[in-house]
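# Structural overview for review
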Amino acid sequence: LFRSLCDQTFKDFEWIIVDDGSTDRSPGIIDAYAQKDARIKSVHKKNEGVSMARNLALDQVCGEYVTFIDSDDVYHVDRLNRMLQVFEQNRECDIVFSRHREFTGEWKRSEANCSREVKVFDDEILIQFISDSKNHFMCNAMIRSNIARKERFAPIRFAEDYCFIRDCALHCRQMAVLDEVLYFYRRDNENAMTSHFF
């Protein structure tokens, strides 16, 4: 996580890390990073689950766009830059999706793909979102902050990201899908909610 964010080719971003009641050394590690890097803001709260943690992060956002990453996942080094380029090239776009890939063990940069096809939808956005099962995840999305702050993550134990993205789609003028794998989702984390669900 830390390396993939520190190595981003796009550097001008704020990084809000929410410690959701960690009982290990995580709070100290997060605070140490925040002291070294002015872009990082550390927020500590009692454990209430991923939805409440994400809602708290949304309350802290100052930037024009928002995207999320879970602590055990990885961004492609050019993720922020590539998704922001899509916004710049499509001024009416309010949400951009990339593709993601699951991995186990140690992530390797060679797992990224090179496709850069972009499809833009300006009508029936909700239908397009629902029909493409690859776009149901928070990890895929970058959203304009003014859209994201209109909604909240529901306090449910599974698919809270699907519900949030679906509700955001209702406010969007355009949706773009970048056919490039830019997010890598770790599947061998036994603590992940999806592991328990499946």
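Residues numbered from 1 in each chain as written. Predicted model: local features only at pLDDT ≥ 70, side-chain atom pairs only at ≥ 80, totals over all residues. Heavy atoms only, no water.

Let us now look at the overall build of the chain. Broken down by element type, the chain carries 8 helices and 8 strands. For a compact globule of 198 residues, the expected C-alpha radius of gyration is about 16 Å, and the chain comes in at 16 Å, within 12% of that figure. Projected onto its principal axes, the C-alpha coordinates of the chain cover approximately 45 × 35 × 35 Å. Burial status across the chain gives 44% buried among its 198 residues. Of all intrachain contacts in the chain linking residues separated by at least 6 positions in sequence, the fraction that spans at least 24 positions is 79%. (Helix = DSSP H or I, 4+ residues; strand = E, 2+ residues; numbered from the N terminus. Rg over C-alpha atoms; globule rule 2.2 N^0.38 Å. Buried < 20%, exposed > 50% of the residue type's maximum accessible area, 1.4 Å probe, protein only. Contact = heavy atoms within 4.5 Å.)

Two numbers describe how helix α3 (residues 50-60) lies on helix α7 (residues 160-169): the axes approach to 10 Å, and their chain directions differ by 40 degrees. On the basis of their axis angle, the class for α3 and α7 is oblique. Across the interface between the two elements, Val50, Ser51, Arg54 and Leu58 of α3 pack against Glu160, Asp161 and Phe164 of α7. (Axes fitted to C-alpha atoms, helices over the stretch in contact; angles between N-to-C directions. Parallel < 35°, antiparallel > 145°, perpendicular 65-115°, else oblique.)

With that settled, the discussion passes to the side chain of Asn55. Along the polypeptide, Asn55 turns up in helix α3. Not counting residues up to four positions away in its chain, the partners in contact with Asn55 are Arg152 and Phe153.

In the structure shown here, the tally under the stated rule is 5 aromatic pairs. Ring centres of Tyr65 and Phe87 lie 4.3 Å apart, and the angle between their planes is 35 degrees; this geometry places the pair in the tilted category. Pair noted here: Tyr65 is in strand β3 (residues 65-67) and Phe87 is in helix α4 (residues 79-89), with a separation of 22 residues, a long-range link. Since its relative accessible area comes to 23%, Tyr65 is described here as partly exposed. Its relative accessible area of 1% is what places Phe87 among the buried residues. On the numbers, 4.0 Å between centres and 10 degrees between planes, the contact of Phe153 with Phe164 is stacked. Note that Phe153 is positioned in the loop between α6 (145-148) and α7 and Phe164 in helix α7, a separation of 11 residues in sequence. (Phe/Tyr/Trp six-rings, centres within 6.5 Å; stacked < 30°, edge-to-face > 60°.)

Below, the discussion takes up the pattern of salt bridges. In total, this model carries 14 salt bridges according to the counting rule given. One salt bridge in this structure joins Arg152 and Asp59, with 2.7 Å as the shortest N-O distance. Here the residue Arg152 occupies a position in the loop between α6 and α7, and Asp59 occupies one in helix α3, the gap between them amounting to 93 residues. It is possible to trace a salt-bridge network through shared partners that takes in Glu64, Glu92, Asp94, Arg144 and Arg173. (Salt bridge = Lys/Arg side-chain N within 4 Å of Asp/Glu carboxyl O.)

What follows deals with the nonpolar core. If you look at the biggest cluster of nonpolar residues, it comprises 22 residues, and the most contacted ones within it are Ile95, Phe97, Met138, Ile143, Phe164, Ile165 and Met175. Elements supplying a minimum of two residues to this core: β5 (93-103), α5 (125-131), β7 (141-144), α6, α7 and β8 (174-186). Of all the elements, α7 adds the most residues to this core, at 4 residues. With residues near it in sequence (within four places) discarded, Phe164 still touches Leu58, Met138, Ile143, Ala148, Glu151, Arg152 and Phe153. Trp15, Ile40, Phe87 and Leu182 belong to the second largest nonpolar core, which has 21 residues in total. (Core = buried A, V, L, I, M, F, W, Y, C linked by side-chain atoms within 4.5 Å.)

Residues of α3 that are buried: Ser51, Ala53, Arg54, Asn55, Ala57 and Leu58. Against the buried residues of α3 lie β1 (15-20), β2 (40-45), β3, α6 and α7.

Structurally, Asp20 can be placed in strand β1. At 3.1 Å, the side chain of Asp20 and the backbone nitrogen of Glu48 are in polar contact. Looking at Asp20, its side chain comes within polar contact range of the main-chain nitrogen of Gly49, at 3.1 Å. Other than its neighbours up to four places away in sequence, Asp20 contacts Lys45, Lys46, Asn47, Glu48, Gly49, Val50 and Ala53. (Polar contact = N/O pair within 3.5 Å; in protein donor to acceptor, adjacent residues only side chain to side chain.)

Of all residues in the chain, 90% attain a pLDDT of 70 or more, and the chain-wide mean is 87. Within the chain, the lowest mean pLDDT, 39, falls on helix α8 (residues 193-197), and the highest, 97, falls on β3. Overall, residues 192-198 carries pLDDT values under 50, and its contacts beyond four positions in sequence, including any with other chains, amount to 13 contacts. (pLDDT = per-residue confidence, 0-100.)

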